[in-house]
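# Structural overview for review
Each chain, written out:
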Amino acid sequence: MEFWKMNGAGNDFIVVDDRQDAIPDEKWPEIIRTVCERHMSIGADGFMVVKKPTYGGDYKMLFFNSDGSMGEMCGNGARCICRYGYENGLAGEVQKVETTAGLVTGWRVDRRLYRVRLNDPCNMRLDGKAEVDGATYDCAYVELGDPGIPHAAVPMKDLKNFDTQTLFRLGRKLRFYKDFPKGANVNFYEIIGPDHVYERTYERGVEDFTYACGTGTGSVVTVLTLLGKVSGKNVRVDMTGGTLYIDVERDGNGHVTDLFLTGPTNIVCKGEITDEALTI
């Protein structure tokens, strides 16, 4: 099985082309759990399968978390797969990618920089609260797409210096919080300057912090834009793996009409999966 290993601001993925439907659908979770294990195999936050399009896109992207569960969409993954699509001749510099959460448009900005239109924000709750271990946290909630990718946005003072283990425990409890019907990706953030945010994301399905989260970044900036705390124009978000930029466009009534994510891609390696622990 040929693969590419890519990352977008440190959010890393394994990409394979299965437009020929060579792998039975029921085999993917086992394959993904095996090859995404960092100590025993290639290792990645997520796994993407390229499929033939079914409703007007250039191709279809199936996104899986490292635990083998299917995700609705992934912003950094979409940017990486747009580069994969461009460099493999599946589409041109503007691409239409079918995802479980809807059609995603991507643009090649330059050799490594890619931009995607994220799925529309919906089911928003900007003034939410969450009680954990006797403490109350501001906890906005937003979903991107339909079915929606669930995100919680939690402000946290001195986030860069916050104890990682304490943050991990809080992130895990919020990820399974009772008010989130599908669970949630938990995005801790701190505004560190004008239109400048620092963020750490505990990702559902990875069950740990990742180096970056594109849909999480888009969700946080959407919340902050609607709350009037950032402009929504080229908002810089720093994460462990690098920097992403978000643009939030609104109509005359203040409703979000478009949400764009821009950031770097990196092709780490290309090769053949020969993991002897796999049984296909």
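Thresholds applied
- Residues numbered from 1 in each chain as written.
- Predicted model: local features only at pLDDT ≥ 70, side-chain atom pairs only at ≥ 80, totals over all residues.
- Heavy atoms only, no water.
- Helix = DSSP H or I, 4+ residues; strand = E, 2+ residues; numbered from the N terminus.
- Buried < 20%, exposed > 50% of the residue type's maximum accessible area, 1.4 Å probe, protein only.
- Contact = heavy atoms within 4.5 Å.
- Areas by Shrake-Rupley, 256 points an atom, 1.4 Å probe, with all protein chains shown as cover.
- Salt bridge = Lys/Arg side-chain N within 4 Å of Asp/Glu carboxyl O.
- Arc of directions from axis to C-beta.
- Pairing = 2+ DSSP bridges.
- Phe/Tyr/Trp six-rings, centres within 6.5 Å; stacked < 30°, edge-to-face > 60°.
- Lys NZ or Arg CZ within 6 Å of the ring centre and 35° of its normal.
- Core = buried A, V, L, I, M, F, W, Y, C linked by side-chain atoms within 4.5 Å.
- Disulfide = S-S within 2.5 Å.

### Focus on the overall build of the protein
Helices and strands together make up the secondary structure of the protein, namely 4 helices and 20 strands. Oriented by its inertia axes, the alpha-carbon framework of the protein measures out at about 50 × 40 × 30 Å. Taking all 280 residues of the protein together, 54% fall into the buried category. By sequence separation, contacts in the protein at least 24 residues apart represent 59% of the contacts at least 6 residues apart. On the protein, roughly 12100 Å² of surface is accessible, and the fraction owed to carbon and sulfur atoms is 46%.

### Focus: the pattern of salt bridges
Tallied over the entire structure, the rule returns 20 salt bridges. Notably, a salt bridge pairs Arg38 with Asp12, separated by 2.8 Å at the nearest N-O pair. Placement of the pair is Arg38 in the loop between helix H1 (28–35) and strand E3 (46–51) and Asp12 in strand E2 (residues 11–17), with a sequence separation of 26 residues. Assessed through its relative accessible area of 8%, Asp12 is described here as buried. Put simply, Glu72 and Arg204 hold a salt bridge, and the shortest N to O gap is 2.7 Å. In this pair, Glu72 is assigned in the loop between strand E5 (70–71) and helix H2 (75–87) and Arg204 in the loop between strand E15 (196–203) and strand E16 (208–210), connecting sequence segments 132 residues apart.

### Some points on H1
Residues of H1 that are buried: Trp28, Ile31, Ile32 and Val35. Along H1, the residues classed as buried sweep out an arc of 95° about the axis, all on the same side.

### Structural notes on unusual backbone geometry
Of the consecutive residues Asp146 and Pro147, the connecting peptide bond is found in the cis state with omega at 5°. Relative to the helices and strands, Pro147 is located in the loop between strand E12 (140–144) and strand E13 (149–155). Residues other than glycine seldom take positive phi values, yet Asp21 does so here, at roughly 55°. Here Asp21 lies in the loop between E2 and H1.

### Describing the pairing of E13
Most of E13 is tucked away, with 6 of its 7 residues classed as buried. With 5 bridges connecting them, E12 and E13 associate as antiparallel partners. By the bridge assignment, Val142 is partnered in E13 with His151. Count of turn residues in the E12/E13 antiparallel hairpin: 4 residues, of which Gly145 carries a positive phi of about 90°. Here 5 bridges tie E13 to strand E14 (residues 185–193), and the two strands are oriented parallel to one another.

### Examining the packing of aromatic side chains
Remark: the centre distance and the inter-plane angle together describe each pair of aromatic rings, the angle taken between the planes. Counted according to the given criterion, the structure contains 10 aromatic pairs. Arranged with centres 5.8 Å apart and planes meeting at 90°, the rings of Tyr202 and Phe209 form a pair that is edge-to-face. Here the basic side chain of Arg175 rests over the ring of Phe176, its NZ or CZ set 4.0 Å away from the ring centre. Of note, Arg200 hangs over the ring of Phe209, and the distance from its end group to the ring centre comes to 4.4 Å.

### A word on the side chain of Ser66
Positionally, Ser66 belongs in the loop between strand E4 (59–65) and E5. In this structure Ser66 comes out as buried when scored by relative accessible area, which is 17%.

### Considerations on the nonpolar core
Counting residues in hydrophobic clusters, the biggest one holds 48 residues, and the most contacted among them are Met61 and Ile81. The greatest single-element share of this core, amounting to 5 residues, is contributed by H2. Setting aside anything within four residues of it in sequence, one finds Met61 in contact with Met48, Val49, Met73, Cys74, Gly77, Ala78, Ile81, Val97, Glu98 and Thr99. Grouped together as the second largest cluster of nonpolar side chains are 19 residues, Ala130, Tyr141, Tyr177 and Val186 included.

### A word on the environment of Cys74
You can see Cys74 is positioned in the loop between E5 and H2. Since its relative accessible area comes to 7%, Cys74 is described here as buried. When sequence neighbours within four positions are dropped, the list of residues in contact with Cys74 reads Asn11, Phe13, Met61, Phe63 and Thr215.

### Focus on the state of the cysteines
A complete count under the given rule lists 0 disulfides for this structure. The thiol of Cys80 is unpaired, and the distance to the nearest cysteine sulfur, on Cys74, comes to 8.0 Å. A relative accessible area of 0% places Cys80 in the buried class. The closest cysteine sulfur to the non-disulfide-bonded Cys122 is located on Cys213, 16 Å from its own sulfur. You can call Cys122 partly exposed: its relative accessible area is 24%.

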